[in-house]
Amino acid sequence: MNNKSKFVKTIATGLLMILVSGVFVELGIWQWHRAQATSRQGKYVPPSTPISLTSVDQAGHNLSNEALNRVVTFTGHYVGNYDAPSQQVPNDGYKDLSVGLFEISDNRALLVVRGLNDGTIKPTKEALTIEGRMYPRQQEDHGLNSDTSLGRLDPGLVAGVGGYNLFDGYVVASSETTASGQLLPGDRIPDPVLVQSISGFYWQHISYVVIWWFMAILTLCAPIIAKRSNRESAEKEALAAQYARADEINHIDRSR
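Summary of the structure given here. Remember, predicted model here, so these are calculated numbers, not experimental data.

## Re the overall build of the protein chain
Part 1 of the argument: Along the backbone of the protein chain there are three helices and six strands.
Part 2 of the argument: What you see in the protein chain, going N to C, is helices and strands ordered as α-β-α-β-β-β-β-β-α.
Part 3 of the argument: Residues counted as buried form 33% of the 256 residues belonging to the protein chain.
Part 4 of the argument: Residue pairs at least 24 apart in sequence account for 66% of intrachain contacts in the protein chain once pairs closer than 6 positions are excluded.
Part 5 of the argument: By element, 57% of the accessible surface of the protein chain is carried by carbon and sulfur atoms, the whole surface being about 16,000 Å².

## Some points on the layout of surface pockets
Part 1 of the argument: Of the voids in this model, the largest pocket is the one considered here, and its volume is about 560 Å³.
Part 2 of the argument: As for the largest pocket, its lining consists of 26 residues, of which Tyr135, Pro136, Gln138, Tyr170 and Leu194 are closest to the centre.
Part 3 of the argument: Contributions of two or more residues to the lining of the largest pocket are made by β2 (71-89) and β6 (165-178).

## Some thoughts on the nonpolar core
Part 1 of the argument: Counting residues in each nonpolar core, the largest one holds 20 residues, and the members touching the most others are Leu53, Phe74, Phe102, Leu110, Val112 and Ile130.
Part 2 of the argument: Elements that contribute at least two residues to this core include exactly α2 (53-56), β2, β3 (93-104), β4 (108-116), β5 (128-135) and β6.
Part 3 of the argument: Val99, Val113, Leu150 and Leu153 belong to the second largest nonpolar core, which has 19 residues in total.

## A look at the packing of aromatic side chains
Part 1 of the argument: One pass over the structure, following the stated rule, counts four aromatic pairs.
Part 2 of the argument: The interplanar angle of 70° and the centroid separation of 5.4 Å between the aromatic rings of Phe74 and Phe102 together place this pair among those described as edge-to-face. Placement of the pair is Phe74 in strand β2 and Phe102 in strand β3, with a sequence separation of 28 residues. Phe102 carries the same exposure label as Phe74, and that label is buried.
Part 3 of the argument: On the numbers, 4.9 Å between centres and 85° between planes, the contact of Tyr78 with Phe102 is edge-to-face.

## Regarding the side chain of Thr219
Part 1 of the argument: If you trace the backbone, Thr219 turns up in helix α3 (residues 199-255).
Part 2 of the argument: The exposure class of Thr219 is buried, given its relative accessible area of 11%.
Part 3 of the argument: With residues near it in sequence (within four places) discarded, Thr219 still touches Met17, Val20, Ser21 and Phe24.

## Examining the side chain of Ser21
Part 1 of the argument: Note on placement: Ser21 falls in helix α1 (residues 3-42).
Part 2 of the argument: In this structure Ser21 comes out as buried when scored by relative accessible area, which is 5%.
Part 3 of the argument: Of the polar contacts made by the side chain of Ser21, one reaches the backbone oxygen of Ala216; its length is 3.2 Å.
Part 4 of the argument: Filtering out sequence-adjacent residues up to four positions away, Ser21 remains in contact with Ala216, Thr219 and Leu220.

## Things to note about the pattern of salt bridges
Part 1 of the argument: Within this structure, the stated rule accounts for seven salt bridges.
Part 2 of the argument: A salt bridge links Arg152 to Asp141; its shortest N-O distance comes to 2.8 Å. With a gap of 11 residues between them, Arg152 in the loop between β5 and β6 and Asp141 in the loop between β5 and β6 connect regions that are remote in the sequence.
Part 3 of the argument: For Asp141, a relative accessible area of 47% puts it in the partly exposed group.
Part 4 of the argument: One salt bridge connects Arg188 with Glu176, and the closest N-O pair in it is separated by 3.0 Å. Taken together, the residues Arg188 in the loop between β6 and α3 and Glu176 in strand β6 connect sequence positions 12 residues apart.
Part 5 of the argument: Among the charged side chains, a salt-bridge network with shared partners connects Arg137, Asp141, Arg152, Asp154 and Asp168.

## Some points on the pairing of β2
Part 1 of the argument: Two elements, strand β1 (residues 51-52) and β2, share two bridges in a ladder whose sense is parallel. What sits directly across from Ser52, in β2, is Thr73.
Part 2 of the argument: One ladder, built from six bridges, connects β2 with β5; its direction is antiparallel. Each residue of the ladder has a partner; that of Thr73, found in β5, is Glu131.
Part 3 of the argument: Two elements, β2 and β3, share 10 bridges in a ladder whose sense is antiparallel. Bridging from a neighbouring strand, Gln88 pairs with Tyr94 of β3.
Part 4 of the argument: Turn length for the β2-β3 hairpin, with the two strands adjacent in sequence and antiparallel, is three residues, and the turn residue Asn91 shows positive phi of about 65°.

Analysis parameters
What you see as residue numbers is a count from 1 along each chain, following the sequence as written. Per-residue local features are limited, in this predicted model, to residues with pLDDT of at least 70; the limit for side-chain atom pairs, both in listing and counting, is 80 or more; totals at the level of whole chains, interfaces and linings are taken over all residues. As a rule here, side-chain values come from all non-hydrogen atoms in the structure, and water together with hydrogens is ignored. Put simply, DSSP H or I for four residues or longer makes a helix, DSSP E for two residues or longer makes a strand, and each gets a number counted from the N terminus. Partly exposed describes any residue whose relative accessible area lies between the buried limit of under 20% and the exposed limit of over 50%, with all areas from a 1.4 Å probe on protein chains only and scaled to the type maximum. Contact criterion: two residues are considered in contact whenever any of their non-hydrogen atoms come within 4.5 Å of each other. Only the protein chains shown count as cover for residues, and the accessible areas themselves come from Shrake-Rupley with a 1.4 Å probe. Think of a 1 Å grid over the protein atoms and nothing else: a 1.4 Å probe that fits but is trapped marks a cavity, an open set flanked by protein within 12 Å on at least five of seven lines marks a pocket, and residues with an atom within 4 Å of a point count as lining. Grid points are joined across faces, edges and corners, and a volume is the space filled by probe spheres set on the points. Only buried residues count toward a nonpolar core, which is a set of Ala, Val, Leu, Ile, Met, Phe, Trp, Tyr and Cys residues joined through side-chain atoms within 4.5 Å. The criterion for an aromatic pair is that two Phe, Tyr or Trp rings (for Trp, the six-membered ring) have centres within 6.5 Å, with stacked assigned to planes under 30 degrees apart, edge-to-face to planes over 60 apart and tilted to the rest. In protein, a polar contact requires one atom able to donate a hydrogen and another able to accept it; more generally it is a pair of N or O atoms within 3.5 Å, and residues adjacent in sequence count only if both atoms are side-chain atoms. Salt bridge, as used here, is a side-chain nitrogen of Lys or Arg placed within 4 Å of a carboxyl oxygen of Asp or Glu. At least two DSSP bridges between two strands are needed for those strands to be called paired.

By themselves, these figures tell us nothing about what the structure is for.
Structure representation (structure tokens):
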């Protein structure tokens, strides 16, 4: 291989190393941006101003990010009543809750946690306006499921009732108001903003940043490492050849 071919090969190898290293750097930057977005998501505080449920969420779809933790309002009436046993209430331990299936317009419905199931909240079918905070469906059972009891707050458990098009998640009601403006009494439960645990995801993204940028540095250093390794191998081979030559000379001298 002549000097020109060696030069072209060296340039091509260098450009390839720079290209691969650049890809790794971009991947690291992408993971960095994802880490920052995850951090901002964990610090997000939803607006406290009530908003119409149907303007931020749709029945028959997964709970939207815009609806999660929002204080929503909607009007309709209850078409079913349940108890939800052994639910954890903030600052009040585990309590049985009163839950209703609430129908709004166009045959749509959602689960509403009305408050404590202690007799202070009475079943009703009159038209009401509900205001409360939206939460995601629960994944773990807290009790047994039956026609009158919900083991977890999950609209999937009432999917066969009435043929309604259900909203995902559930609402913890802070108030129930009649058409005449009267507030229904009852022991309501707190509705704090649900804080999502994002620290694990944040550090996972950061670990990927370190990995990708380490790969970028390793790619750039690869030719240097390879050249050094080849030089050390050549030196070892030369030294081995010297020893072999010396042994050969000693053998010849001894044989004379």
